[in-house]
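Chain residues, written in single-letter form:
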Amino acid sequence: MIKVLIISKDFTYCKNIINTILCRFNNIQIKYILENINEAIYIVYKKQIDLLLIDLSITEQYYLKTFRKLENLCRDRKIILIPIINKSDIELENLYKNIQLIIKKSNENIRNKDISSVFRNELTKLGFNFKYKGTIYMLEALMYIYRNNIDLLDNLEKCVYKSIAFNKHKTEQNIKTNIVKATNLAYLYQDKQVFIDYFSSDLKPTPKVILSTILMKYYDS
């Protein structure tokens, strides 16, 4: 549920916003309607808010730094702030489109979080320890392949490790070395029967085999 805070003294326009939002979306909740920025700053500090709509016409009575404080606070807390400028029907439609994008992004974040938990559980079953960087890189590799294309498995170093290395400011070789080390430690300390049952083989699996097996288990489920 996306929680919304509206700042405006124009209650007729607030009603239009609320009708626009509630008639079109099921997972939106109007939590607060406030008249000034100072009230909003207090609420943002104390409560969980996902989206803040502010009627900029009310900011004239405040110093600019007060509005900037609210902007910075929203940025720090990852709250989407959408300014309302001219209160036209066109702007209402733009607001609707913005909320659509926010909901889509929110749903994607939830889905990615759920999938990440699935992959994390599979690695844990195999004895991977998340204290090691290599295990974290394995999880990131799984998520990267999942979000893009399973064919990336065909060239892990250039297509997957390279991307992780870029984000971590490391070399591809460093990513590969840490993943191999984490894999070796998991195989060393985990009950070998776990690997035999999981991979239907008594051979030590490579990182590529582990990645592909976990991904195919997910796709087949």
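What this report covers is the structure whose coordinates are included nearby.

Parameters at a glance
Residues numbered from 1 in each chain as written. Predicted model: local features only at pLDDT ≥ 70, side-chain atom pairs only at ≥ 80, totals over all residues. Heavy atoms only, no water. Buried < 20%, exposed > 50% of the residue type's maximum accessible area, 1.4 Å probe, protein only. Helix = DSSP H or I, 4+ residues; strand = E, 2+ residues; numbered from the N terminus. Pairing = 2+ DSSP bridges. Core = buried A, V, L, I, M, F, W, Y, C linked by side-chain atoms within 4.5 Å. Contact = heavy atoms within 4.5 Å. Axes fitted to C-alpha atoms, helices over the stretch in contact; angles between N-to-C directions. Parallel < 35°, antiparallel > 145°, perpendicular 65-115°, else oblique. Left-handed = near helix turned anticlockwise from the far one by under 90°. Nonpolar A, V, L, I, M, F, W, Y, C, P; charged D, E, K, R; others polar. Polar contact = N/O pair within 3.5 Å; in protein donor to acceptor, adjacent residues only side chain to side chain. Salt bridge = Lys/Arg side-chain N within 4 Å of Asp/Glu carboxyl O. Phe/Tyr/Trp six-rings, centres within 6.5 Å; stacked < 30°, edge-to-face > 60°. Lys NZ or Arg CZ within 6 Å of the ring centre and 35° of its normal.

Section: the pairing of strand β3 (residues 51-55)
Piece 1. Across the five residues that make up β3, a large majority, five, are buried.
Piece 2. Taking every second residue as pointing to the same face, both faces of β3 are buried, with Leu-51, Leu-53 and Asp-55 on one and Leu-52 and Ile-54 on the other.
Piece 3. As paired strands, strand β1 (residues 2-7) and β3 are joined by four bridges and run parallel to one another. In the sheet register, Leu-5 faces β3, and the bridge partner there is Leu-52.
Piece 4. Looking at chain direction, β3 and strand β4 (residues 80-84) are connected through five bridges and run parallel.

Topic: the nonpolar core
Piece 1. Membership of the largest hydrophobic core comes to 32 residues, with the highest contact counts inside it found for Phe-119, Leu-123, Leu-126, Phe-128, Val-160, Ile-210 and Ile-214.
Piece 2. Looking at this core, the elements with two or more residues in it are α4 (89-125), α5 (133-147), α6 (156-168), α7 (172-189), α8 (192-199) and α9 (207-220).
Piece 3. Per-element tally for this core: the top contributor is α5, with seven residues.
Piece 4. Dropping the residues within four chain positions of it, Leu-126 is found in contact with Ala-186, Gln-190, Val-194, Phe-195, Tyr-198, Phe-199, Ile-210 and Ile-214.

Describing the packing of α5 against α9
Piece 1. It is the contact of α5 with α9, at a shortest axis distance of 11 Å, that shows an interaxial angle of 50°. By the angle class used here, α5 and α9 are oblique. The element α5 and its partner α9 pack so that their crossing is right-handed. Facing Met-138, Ala-141, Leu-142, Ile-145 and Tyr-146 of α5, the residues of α9 in contact are Pro-207, Ile-210, Leu-211, Ile-214, Leu-215, Tyr-218 and Tyr-219.
Piece 2. Considering only residue class, the contact of α5 with α9 consists of twelve nonpolar, no polar and no charged.

What to know about the environment of Arg-24
Piece 1. Structurally, the position occupied by Arg-24 is in helix α1 (residues 11-24).
Piece 2. Given the relative accessible area of 40%, Arg-24 is considered partly exposed.
Piece 3. When the C-alpha atoms of Arg-24 and Gln-100 are compared, they prove to be 9.6 Å apart, with 76 residues separating the residues in sequence.
Piece 4. Residues within four places of Arg-24 in sequence aside, it is in contact with Glu-93 and Tyr-96.

Describing the side chain of Gln-190
Piece 1. By the secondary structure assignment, Gln-190 is in the loop between α7 and α8.
Piece 2. Separated by 2.8 Å, the side chain of Gln-190 and the backbone oxygen of Lys-125 make a polar contact.
Piece 3. Excluding residues within four positions of it along the chain, Gln-190 makes contact with Thr-124, Lys-125, Leu-126, Gly-127 and Phe-195.

Quick word on the pattern of salt bridges
Piece 1. Counting across every chain of the model gives four salt bridges.
Piece 2. Between Lys-168 and Glu-140 there is a salt bridge; the shortest N-O distance is 2.9 Å. Taken as a pair, Lys-168 in helix α6 and Glu-140 in helix α5 lie far apart in primary sequence, 28 residues in all.
Piece 3. Given a relative accessible area of 26%, Glu-140 falls into the partly exposed group.

Focus: the environment of Asn-72
Piece 1. Inspection of the secondary structure assignment puts Asn-72 in helix α3 (residues 64-76).
Piece 2. In this structure the side chain of Asn-72 is engaged in a polar contact, spanning 2.6 Å, whose partner is the side chain of Arg-75.

Some remarks on the packing of aromatic side chains
Two aromatic rings, taken as a pair, are described by how far apart their centres are and by the angle between their planes.
Piece 1. Under the criterion given, the structure shown has six aromatic pairs.
Piece 2. For the ring pair Tyr-187 and Phe-195, a centre distance of 5.1 Å and an interplane angle of 80° mean the geometry is edge-to-face.
Piece 3. Judged by its relative accessible area of 19%, Tyr-187 is buried.
Piece 4. In this arrangement the basic side chain of Arg-120 is found over the ring face of Phe-130, its NZ or CZ atom lying 4.1 Å from the centre.
Piece 5. Here Lys-217 stacks its cationic end above the ring of Tyr-198, 4.4 Å away from the centre of that ring.

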